[in-house]
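One-letter residues, chain by chain:
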Amino acid sequence: MDRRKALINMSLSAAGISLSASLIAALGSCESKKQLSYKALTFSAEEDALLQELVELIIPTTDTPGAKAAGVNQYIDRVLSMVSDAPEKEGFVSGLETIDILSQKQFGQTFLKLSQEDQIKLLQQLESESQTAKGGSFFSLLKSMTIYGYYTSEIGASQELMYVHATGTYDGDIPYSEVGKNYY
Amino acid sequence: MPINTTFQIGEQAATYDAIVIGSGVSGGWAAKELTEKGLKTLVLERGRPVEHRKDYITEHKAPWEFDLRGQLTKEEKKEYSQAVRIGYLDKTALHFFSKDSESPYVEEKPFVWARGYQVGGKSITWGRYTFRISDLDFEANLKEGVGVDWPIRYKDIAQWYDYVEQFAGISGEKLGLDHLPDGNFQKPMELNVVEKHLRKRIRELYPERYLTIARAAVLTEPIGERAPCHYCGPCWRGCSTGSYFSSLSSTLPAAAATGNLTIRPFSVVHSIIYDPETRKASGVRIVDSETKETIEFKAKVVFVCASAMASTQILLNSKSEEFPDGIGNTSGVLGHYLMDHHLGMDVNATVPGFLDRTTRGNRPIGFYIPRYRNIGGDSDMPGFSRGYGFEGSAYREGWSQAFGMEGFGVDFKNKVKEAGEWRVGMWGFGETLPYYDNHARLHPTETDEFGIPKMVFNAEIKDNEKRMRQDCLDSMAEMLENVGCTNITAEDNAAGAVPGFGIHEMGTARMGRDPETSFLNGNNQAHEVPNLFVTDGACMTSSPCQNPSITYMALTARAADFAVKQLKSGNL
């Protein structure tokens, strides 16, 4: 388009809210479908399977879907390749390897084959060591990325938490019971 | 009924009555005032066109609709390597910030130069807080023997504050304070239950301290086609209902409606042309950023509103035989006395109780605690001059509490689901004194892609600011403790004291009474070039701690009125 013939249209209208609301409806996404077609940037299929298990242990399915259904593994995969610097990415991938090494050492089999009880035991151990041990700092990163990925997902923000958009008014003092949970 | 105002870009005439450089807060006002007074006006904007509503491409998007949830990629962090230090750049508004890689500058000392090169400038992303400055501020330099005296007083600008506030639409509360003058405000937004509690407790213990809802250019009542705020929250993405003031929602449509406005985007101003015979500016030389063609436009009057640092860059680069150091710069003050508000004085605490209460709606502004130091009487401090104000808000701790919680699994998830304690967070904005050493200048050899010398920045906070920072943290921590807060942290985050971090750059073409020590007179008119006006932050003689944009609006409208009267009486 020739800029010199371009027009700037300055349209002022109060219709912005309704337009945007319909836009949001049109953009609504279904993250469980995405899990099937997703192509990982950082992880192998085996690593991804382990990661799915880990994020679901951190934020499991309750009365709302957990981190796996929310696609947190995909979020972490994309962030590590597109946002993180090389040391962080490599540290994370080798941290995943450490999980299976520890699992083999302590329970004699890979993490995915452990009972949930043993899986939790191992993660608790990693969390308690998280200030010093190498595997521990991996756990801190895994946990914080899982938290961020989950609560900013559609499931996390709008099913687990209360997502409010344009309320039209502001009320600075209402009973907590009217909302009953944390806002996004 | 929607107003459709369409105006064409391109096919420009070579000559106008007025040229305005920049289309942000100040440029938009200059365009509106000059066109409404009948001047054919060309607005030169170095960035791309932005269309109100249509180009607010992230407005009302949910977090999960952004790839990477809005985080910048490695490549983007490189392109914005200097601007990312402000800490809140993400994909929700990245398209309204300029790439440092495309507009390079030199940091002799650390300096953040966050720019918004587009039609509308930084008025799209600005903080929208609007506080008048008072005679406490206008008189301070003279009383203390610091810098030079402001050539104006509050009485000179009061009616212009009234005028611009009426049009922009300012919501807020009248407090009757001499040092934070009231205006004709729309009804204030609401403080929440805990902010009201804090306000009451503070006033009981500190009668001279106020906690009030911020005065802001966000509507609570309609103005024409601009609707009141709908409480979606992130104004900086753009607002289709025009509920906050920006050039795009407010001044440029008004200017366009006169039929006297031409906006030319992609027009990088190289310099202002000086005519030694008339001893006036005869026009402006631009480089078309798309074609790289150099073009000159003529006008009777030139308003420089490119943002403080960019305006000074243009003025310094406008060299002639008469003005080898920049147009109108015989005094040599151009580029000096650079100021910004120093930030990074961050105080956070828990407010016990109120666990059965919460809020509804995303209020786009917080509270404000006006300056309470050095305003006379017991408030005067031996250790430093001037003062600071606080912005802040109280809120129930949200899901981010999860980052600090131990454990994982079902119990963890259920705990995060419950709103946390009430917290109060606030951050101080401190005044910086005008120092000659703190300056920006042109690089002697390095240029950008348009052949314009890069800006070199050399500025820092000094002892007065450092002592102020300590008092700011101490006094607020003490106050919060006395009103019953717990878990108080008061941190000096040095990154916030890096000049430019506040994005309130001021000075470098200051107003004053004496042409030997200032660049502009009391009408924002260059002492040495009578048809040249600078009305953005560059004109500031000191940097009162109040957020400055409303002062630029008032000074711009006032200067435009003066310029047109001078033109009509044949003086320009």
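Side note on the overall build of chain A
A count of helical and extended segments in chain A gives eight helices and two strands. Counted from the first residue to the last, chain A has its helices and strands arranged as β-α-α-α-α-α-α-α-α-β. For chain A, the share of sequence-separated contacts (at least 6 apart) that also reach a separation of at least 24 residues comes to 56%.

Concerning the sheet that holds strand 13 (residues 388-396) of chain B
All names here are of chain B. Taken in spatial order, the six strands line up as 5-12-13-14-10-17 in an open sheet, and their pairing is antiparallel. Sheet topology places strand 5 (212-213) and strand 17 (486-492) at the edges, where each strand pairs with a single neighbour. As judged from the nine bridges shared by strand 13 and strand 14 (residues 422-430), these two strands associate in the antiparallel manner. What sits directly across from G389, in strand 14, is F429. Against the sheet, helix 6 (residues 193-205) engages strand 10 (342-351), strand 12 (367-369), strand 13 and strand 14, with an angle of about 135° to strand 13.

Here's the deal with helix 6 of chain B
All names here are of chain B. Between the first and last C-alpha of helix 6 there are 19 Å, a value that for 13 residues agrees with the 18 Å anticipated at 1.5 Å per step. The set of residues buried in helix 6 consists of V194, E195, H197, L198 and I202. End-on, the buried residues of helix 6 take up no more than an arc of 155°, which puts them together on one face. Opposite the buried face of helix 6, at more than 90 degrees from it, the exposed residues are K200 and E204. In this fold, the buried residues of helix 6 make contact with strand 10, strand 12, strand 13, strand 14 and helix 10 (463-482).

Digging into the sheet that holds strand 15 (residues 439-447) of chain B
All names here are of chain B. The strand order across the open sheet formed by three strands is 4-16-15, and the pairing between neighbours is mixed. Unpaired on one side and paired on the other, strand 4 (106-107) and strand 15 mark the two borders of the sheet. With five bridges connecting them, strand 15 and strand 16 (residues 453-458) associate as antiparallel partners. Each bridged residue has a counterpart across the sheet, and for H439 the counterpart in strand 16 is N458.

Quick notes on unusual backbone geometry
Residues and elements named next belong to chain B. Positive phi, normally seen in glycine, also occurs at R69, with a value near 55°. Position of R69 among the secondary structure elements: in the loop between strand 3 (41-44) and helix 2 (74-79). Accessibility expressed as a C-beta count within 10 Å gives 20 for R69, which makes it buried. Phi angles above zero are rare outside glycine, and N374 is one such case at about 55°. Within the secondary structure, N374 is located in the loop between strand 12 and strand 13. On the basis of neighbour counts, which here come to 19 C-beta atoms within 10 Å, the residue N374 falls in the partly exposed class.

With respect to helix 3 (residues 45-58) of chain A
Here helix 3 of chain A spans 20 Å end to end across 14 residues, near enough to the 20 Å set by a 1.5 Å rise per residue. All of the buried residues along helix 3 of chain A are L50, L51, Q52, L54, V55, E56, L57 and I58 of chain A.

Considering the confidence of the model for chain B
Residues and elements named next belong to chain B. Scored by pLDDT, chain B has a mean of 96; 98% of the residues are at 70 or more. Taking the mean pLDDT of every element in chain B, the minimum, 40, falls on strand 1 (residues 3-8) and the maximum, 99, on strand 18 (residues 532-534). The low-confidence segment residues 1-8, where pLDDT is below 50, has 19 contacts with residues more than four positions distant or belonging to other chains. Our summary of model confidence lists the complex with pTM equal to 0.93 and ipTM equal to 0.94.

Parameters at a glance
Residues numbered from 1 in each chain as written. Chains lettered and ligands numbered in written order. Predicted model: local features only at pLDDT ≥ 70, side-chain atom pairs only at ≥ 80, totals over all residues. Helix = DSSP H or I, 4+ residues; strand = E, 2+ residues; numbered from the N terminus. Contact = placed C-beta atoms within 7 Å. Pairing = 2+ DSSP bridges. Axes fitted to C-alpha atoms, helices over the stretch in contact; angles between N-to-C directions. Expected span 1.5 Å × (residues − 1). Buried ≥ 20, exposed ≤ 12 C-beta atoms within 10 Å, placed from the backbone. Arc of directions from axis to C-beta. pLDDT = per-residue confidence, 0-100.

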